[in-house]
Amino acid sequence: AIKPPKPFRGGIPICFPQFGTQGNLEQHGFARNRLWAIDDNPPPLPVNPAIKAFVDLILKPSEDDLKMWPHSFEFRLRIALGAGGDLSLTSRIRNTNTDGRPFSYTFAFHTYFSVSDISEVRVEGLETMDYLDNMKGKERFTEQGDAIVFESEVDKVYLAAPSKVAIIDHDMRRTFVVTKEGLPDAVVWNPWDKKAKAMQDFGDSEYKHMLCVEPAAVEKPITLKPGEEWKGRLGLSAVPSSYCSGQLDPLKVLHG
Ligand SMILES: O=P(O)(O)OC[C@H]1O[C@@H](O)[C@H](O)[C@@H](O)[C@@H]1O
C-alpha cells in the first residue's frame, strides 16, 4: 500500500522541481508525492486526432512546498490515451511568481517499464551518445556503437538523446517505443541485485523484470521568467516485435 508522502515505485512518477539529488530538495523533488487536482478549465492544448480520451490535472504549491521551494507555479499535466493504447503525457509548467523572479528546475518522467527478463532486453537509440554516469560521480563518458544491454547496475543520464528510443524485449516479442519532446536527456536506470536488496519498497529480484527509461531535462536546468511556460511531452507505445535469428532491424523499429 502506498502511504503519502512516500513515492510510488512504478508507473510514471514525475520528478519536479528537482531530478535526483541535484539540489537541496528531497530526492526527485516533491511533485511525485503530492495529490493533484482535476483541471476543469485547462488552457487550450491542440488535440491529436488519434487521441480518444484524456484527463487534465493540475498541481500548485502548498504553503509547505513554498517554504522548501519559494516559487509559485502552475503545473498542468494532460494524460491522453490513443485508440491503440498509446499513452501521451504532456507537462506544462508556468512561472506564476508575482515578485518578478525567474525559477529553474530539473525534470523527469520517471517511467518504469515491465520487462520479461532484464538480461534479454536491449535499448536502441542511445548508441554513441554521451552520458553522465551517476555511479561514477556524474563523470561524462561516450557510449559504444552497440545497443545497450544489461548485466549490472545502470544509472546513466544520456545527454541530448534522440526523440525516439526503443526498448526491445525479446522474450515478450514486444517493443516499447518512447518518444519525447522538449526533454533533451534520457535517464536509464536498473538497480540490479545489491541495490534491490537495499531498497525497502522493492522485492529482491524485482530488478529482473523492470527498467526505467526516463525522458528528462537534467544536465541543463530549465529557467522560466514570470509568465513563461514550458512544455514537455512523453509518448509511449507498445508494438509487437518479430524476432528472427536473434536480430531485429533497429532502423525499422526507430524510424517505422
Ligand atoms: O528510489 P527513487 O528515489 O525513486 O530513485 C530511483 C532512481 O531513480 C533514477 O532516476 C536515478 O537516476 C537513480 O539514481 C535513483 O536511484
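Residues numbered from 1 in each chain as written. Predicted model: local features only at pLDDT ≥ 70, side-chain atom pairs only at ≥ 80, totals over all residues. Heavy atoms only, no water.

1. Structural notes on the confidence of the model for the chain
Moving on, step 1. Of all residues in the chain, 92% have pLDDT values of 70 or greater, and the mean over the chain is 93.
Moving on, step 2. Both scores are available for the predicted complex, with the pTM at 0.94 and the ipTM at 0.98. (pLDDT = per-residue confidence, 0-100.)

2. Structural notes on the sheet that holds strand β13 (residues 174-181)
Moving on, step 1. Reading across the sheet, the 8 strands line up as β2-β3-β4-β5-β16-β13-β12-β8 and stay open at both edges, with antiparallel pairing between neighbours. Edge positions in the open sheet fall to β2 (37-38) and β8 (121-124), since each of these has one partner strand only.
Moving on, step 2. Pairing between β13 and strand β16 (residues 229-240): 8 bridges, direction antiparallel. Looking at the pairing, Arg 174 lines up with Pro 240 of β16. (Pairing = 2+ DSSP bridges. Helix = DSSP H or I, 4+ residues; strand = E, 2+ residues; numbered from the N terminus.)

3. Details of the pairing of strand β11 (residues 154-158)
Moving on, step 1. In terms of burial, β11 is a largely internal element, 5 of the 5 residues being buried.
Moving on, step 2. Neither face of β11 is exposed, since Val 154, Lys 156 and Tyr 158 on one face and Asp 155 and Val 157 on the opposite face are all buried.
Moving on, step 3. Bridge count for β11 against strand β14 (residues 185-190) is 5 bridges, and the pairing is antiparallel. By the bridge assignment, Lys 156 is partnered in β14 with Val 188. (Buried < 20%, exposed > 50% of the residue type's maximum accessible area, 1.4 Å probe, protein only.)

4. Describing the packing of aromatic side chains
Moving on, step 1. Applying the stated criterion across every chain, the model contains 18 aromatic pairs.
Moving on, step 2. When the centroid spacing of 6.1 Å and the interplanar angle of 40 degrees are considered together, the rings of Phe 75 and Phe 107 count as tilted. Here the residue Phe 75 occupies a position in strand β4 (residues 73-82), and Phe 107 occupies one in strand β6 (residues 103-109), the gap between them amounting to 32 residues.
Moving on, step 3. Here the aromatic residues Phe 16, Phe 30, Trp 36, Trp 69, Phe 73, Phe 75, Phe 103, Tyr 105, Phe 107, Phe 109 and Trp 230 are joined through ring pairs into a cluster of three or more.
Moving on, step 4. Against the face of Phe 54 rests Arg 78, its NZ or CZ located 3.9 Å from the ring centre.
Moving on, step 5. Just above the ring of Phe 141 sits the side chain of Lys 136; from NZ or CZ to the centre is 5.2 Å. (Phe/Tyr/Trp six-rings, centres within 6.5 Å; stacked < 30°, edge-to-face > 60°. Lys NZ or Arg CZ within 6 Å of the ring centre and 35° of its normal.)

5. Some points on the UniProt feature "binding site: substrate" (unreviewed entry) in the chain
Moving on, step 1. UniProt's feature table lists "binding site: substrate" (unreviewed entry) at Arg 9, Gln 27 and Arg 32, given in the numbering used throughout. The named residues occupy 24 residues along the chain; their greatest pairwise C-alpha distance, 13.3 Å, places them in one compact cluster.
Moving on, step 2. Looking at Arg 9, the relative accessible area reads 30%, which means it is partly exposed.
Moving on, step 3. Sequence-distant contacts of Arg 9, that is, excluding residues within four places in its chain, are made with Tyr 112, Trp 189, Met 199, Asp 201 and Phe 202.
Moving on, step 4. Position of Arg 32 among the secondary structure elements: in the loop between β1 (14-15) and β2. (UniProt positions renumbered as here; feature names shortened; annotations may be inferred. Contact = heavy atoms within 4.5 Å.)

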